[in-house]
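# Structural description and commentary
Here are the chains, one letter per residue:
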Amino acid sequence: MKISIAQANEYGRRVLMAQGVPEDIARDVAEHLVESDRVGYTSHGLSILTNYRRVLGEGLAQADGRPELLNDRGAMLAYDGHNGLGQYIGKVVIEKAIERTQEHGQCILTLRRSHHLGRMGHYGEMVAAKGLILLAFTNVINRAPTVAPFGGARACLTTNPLCFAGPLPGGRPPFIVDMATSSIAVNKARVLAAKGEQAPPGSLIDAQGNPTTDPGALFTDPPGALLPFGGHKGYAMGLVAELLAGVLSGGGTIQPEHPRNGVATNNMFALLLDPQVDFNTDWRSMEVGAFIDYLHACPPQPGVDGVQYPGEYEARNRELNAESLEFAPPIWEGLKKLAADLGVPEALP
């Protein structure tokens, strides 16, 4: 089923407001989710609202939660998200960090106790649009672990995403790296399972620790686990994210003394920089442009259209989905049922 971008945003806004979410928060969350669908990340799009209904209904996320500034040292900001909806919380704190970076040339930002922040690349795009650079580390607490440590047979960690973003010269789409330190994201596995598709080899183990390509293995009782990307290297990067985000924010790590109430709670450590680059004349800009041209000139492997840099995938999908979104039947039926259950069936055509 296909609907317009405006209809998709209105659907998300109305479904959230039907659960007591204030209009301004609902609008920001809906826009974030729809943009995730637009750029090709269905796992972080409107389909996730079904799970948000559960956590809002159980009081595990606060419908009206807003960020509180805990510490302000000019170029250092620390926030508590009070378990508010992360797409709104993240937008507010990143906007504040952008302002400080424009003032001081850099900003260190920490955030603790936010509900699921969503697609981290969204914040990277916000920062890059202002000509700035973002490096962000996020950990996930208050839910059961989903990622096995390197060599481990059961989950002890979470997906702990990394995000790097910055502008590129010559009108190119921004450079956006947004990746889980697990082989795939939990929500990606959920989408694959809903579609009856297989997970990539080497991305999962079952509850006995054996390799599997069945994404449903992650949702059995007892559950299987995701594996770190790149073996011990991805595992090490996941630990870096866990410690930077969990400890420096004050939000805590996944270690078992902390509650695990079944809701994704994010802590974040981020660094924003003003590269002070004149994109018309600066040598650094010309060097970046020449490097990207060099990558694009690389002959592609058989069956590959061409070499891309991180960020082009999102830009091309955004262009393809400029006016509308198309949802697979299982996701569409889930969206319709959610709207009907919440008493807003007219939110979808």
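In this text, all values refer to a predicted model and were calculated from it rather than measured experimentally. (Residues numbered from 1 in each chain as written. Predicted model: local features only at pLDDT ≥ 70, side-chain atom pairs only at ≥ 80, totals over all residues. Heavy atoms only, no water.)

### A word on the overall build of the protein chain
What counts here: Strands are runs of DSSP state E lasting at least two residues, helices are runs of H or I lasting at least four, and both sets are numbered from the N terminus onward. As defined in this context, the radius of gyration uses C-alpha atoms, and a globule is described by 2.2 Å times the residue total to the power 0.38. Think of it in three bands: residues with accessible area under 20% of the maximum for their type are buried, residues over 50% are exposed, and the middle band is partly exposed, with areas taken using a 1.4 Å probe on protein chains only. Surface accessibility in these figures is a Shrake-Rupley result with a 1.4 Å probe; residues are shielded only by whichever protein chains are displayed. For the purpose of counting charges, residues Lys and Arg are taken to be positive, whereas Asp and Glu are taken to be negative. His and the chain ends are not included. A charged residue contributes its charge at one atom only: NZ of Lys, CZ of Arg, CG of Asp or CD of Glu.
For the protein chain, the helix and strand inventory stands at ten helices and twelve strands. Taking 20 Å as the expected radius of gyration for a compact globule of 349 residues, we find that the protein chain reaches 20 Å, a close match to that expectation. Out of the 349 residues belonging to the protein chain, those deemed buried represent 48%. Total accessible area computed for the protein chain in this model is approximately 16000 Å², and 55% of it derives from carbon and sulfur atoms. Taken as two groups, the 29 positive and 37 negative side-chain charges of the protein chain have centres that lie 3 Å from each other.

### Regarding the sheet that holds strand β4 (residues 106-115)
As a reminder of what qualifies: One bridge is not enough; two strands pair if DSSP finds at least two bridges between them. Under this scheme, a helix contributes an axis fitted over its contacting stretch, all axes are lines through C-alpha atoms, and angles between N-to-C directions fall in the 0 to 180 degree range. Any two residues whose heavy atoms approach within 4.5 Å are treated as being in contact.
Read across the open sheet, the seven strands follow the order β2-β3-β4-β11-β5-β6-β7; overall the sheet is mixed. Each edge of the open sheet carries a strand with a single partner, namely β2 (68-72) and β7 (175-179). Averaged over all pairs of adjacent strands, the angle between strand axes in this sheet comes to 15°, irrespective of strand direction. Pairing of strand β3 (residues 76-80) with β4, which is carried by five bridges, proceeds in the parallel orientation. Across the sheet, the residue bridging to M76 is I108, located in β4. Packed on one face of the sheet, helix α5 (residues 120-129) meets β5 (133-141), β6 (162-166), β7 and β11 (265-273) and runs near 160° to β5. Its contacts with the sheet put helix α7 (residues 232-248) on β4, β5, β6 and β11, and the angle it makes with β5 is roughly 85°.

### Considerations on the domain arrangement of the protein chain
Operational definition: As used throughout, domain bounds are those supplied by an automatic or database domain assignment. Simply put, the buried area is the total loss of 1.4 Å probe accessible area from both parts when two parts are fitted together. Salt bridge, as used here, is a side-chain nitrogen of Lys or Arg placed within 4 Å of a carboxyl oxygen of Asp or Glu. Definition of a polar contact: a pair of N or O atoms within 3.5 Å, with one able to donate and the other able to accept a hydrogen when the atoms are protein atoms, and with sequence-neighbouring residues admitted only if both atoms are side-chain atoms. We call Asp, Glu, Lys and Arg charged. Ala, Val, Leu, Ile, Met, Phe, Trp, Tyr, Cys and Pro are nonpolar, and the rest, Gly among them, are polar.
By domain assignment, the protein chain separates into domain 1 (1-64 + 311-348) and domain 2 (281-309). Domain 1 and domain 2 are separated by 35 Å when their C-alpha centres are compared. Together domain 1 and domain 2 conceal approximately 330 Å² of surface at their shared face, both sides included; 36% is due to carbon and sulfur atoms. On the domain 1 side of the interface with domain 2, the three residues burying the most area are G311, E312 and R316, jointly 92% of the side's total. At the junction of domain 1 and domain 2, the tally comes to zero salt bridges. Applying the counting rule to domain 1 against domain 2 returns four residue pairs in polar contact (both at pLDDT 80 or more). The residue inventory of the side of domain 1 that touches domain 2, partitioned by class, reads one nonpolar, one polar and two charged.

### A few points about helix α9 (residues 312-320)
Quick reminder: α-helices carry 3.6 residues per turn. Residues three or four places apart thus point the same way. Of all the positions in α9, only E312, E314, A315 and N317 are classed as buried. Packed against the buried residues of α9 are α2 (23-38), α5, β7 and α8 (283-296).

### Quick word on the environment of A217
Looking at where A217 falls in the secondary structure, it is placed in the loop between β9 (211-212) and β10 (225-226). Measuring from C-alpha to C-alpha, the distance between A217 and P167 comes to 39 Å, with 50 residues separating the pair along the chain.

### Quick word on the pairing of β6
Working note: regular strand, side chains alternate between the two faces of the sheet. Counting buried positions over the five residues of β6 gives four, a clear majority of the element. In terms of strand pairing, β5 meets β6 through four bridges, oriented antiparallel. Its bridge partner being in β6, F137 is matched across the sheet by L162. The pairing of β6 with β7 spans five bridges and is classified as antiparallel. Residue F164 lies in a different strand from β7, and its bridge partner there is V177.

### Let's talk about the packing of aromatic side chains
Both the distance between ring centres and the angle between the ring planes are used here to describe each pair of aromatic rings. Selection rule: Aromatic pairing here means that ring centres of Phe, Tyr or Trp (its six-membered ring) are within 6.5 Å. Orientation follows from the plane angle: under 30 degrees is stacked, over 60 is edge-to-face, and everything else is tilted.
Going through the model one piece at a time under the given rule, you end up with five aromatic pairs. For the pair F164 and F175, a centre-to-centre distance of 5.9 Å together with 75° between the ring planes defines the contact as edge-to-face. Here the residue F164 occupies a position in strand β6, and F175 occupies one in strand β7, the gap between them amounting to eleven residues. Ring geometry for F175 and Y309: centres 6.3 Å apart, planes at 10°, overall stacked.

### What to know about the sheet that holds strand β8 (residues 204-205)
Read across the sheet, three strands follow the order β9-β8-β10 without closing on themselves; strand pairing throughout is antiparallel. Unpaired on one side and paired on the other, β9 and β10 mark the two borders of the sheet. By the bridge criterion, two bridges tie β8 to β10 in an arrangement that is antiparallel. Following the sheet pairing, I205 is matched in β10 by A225.

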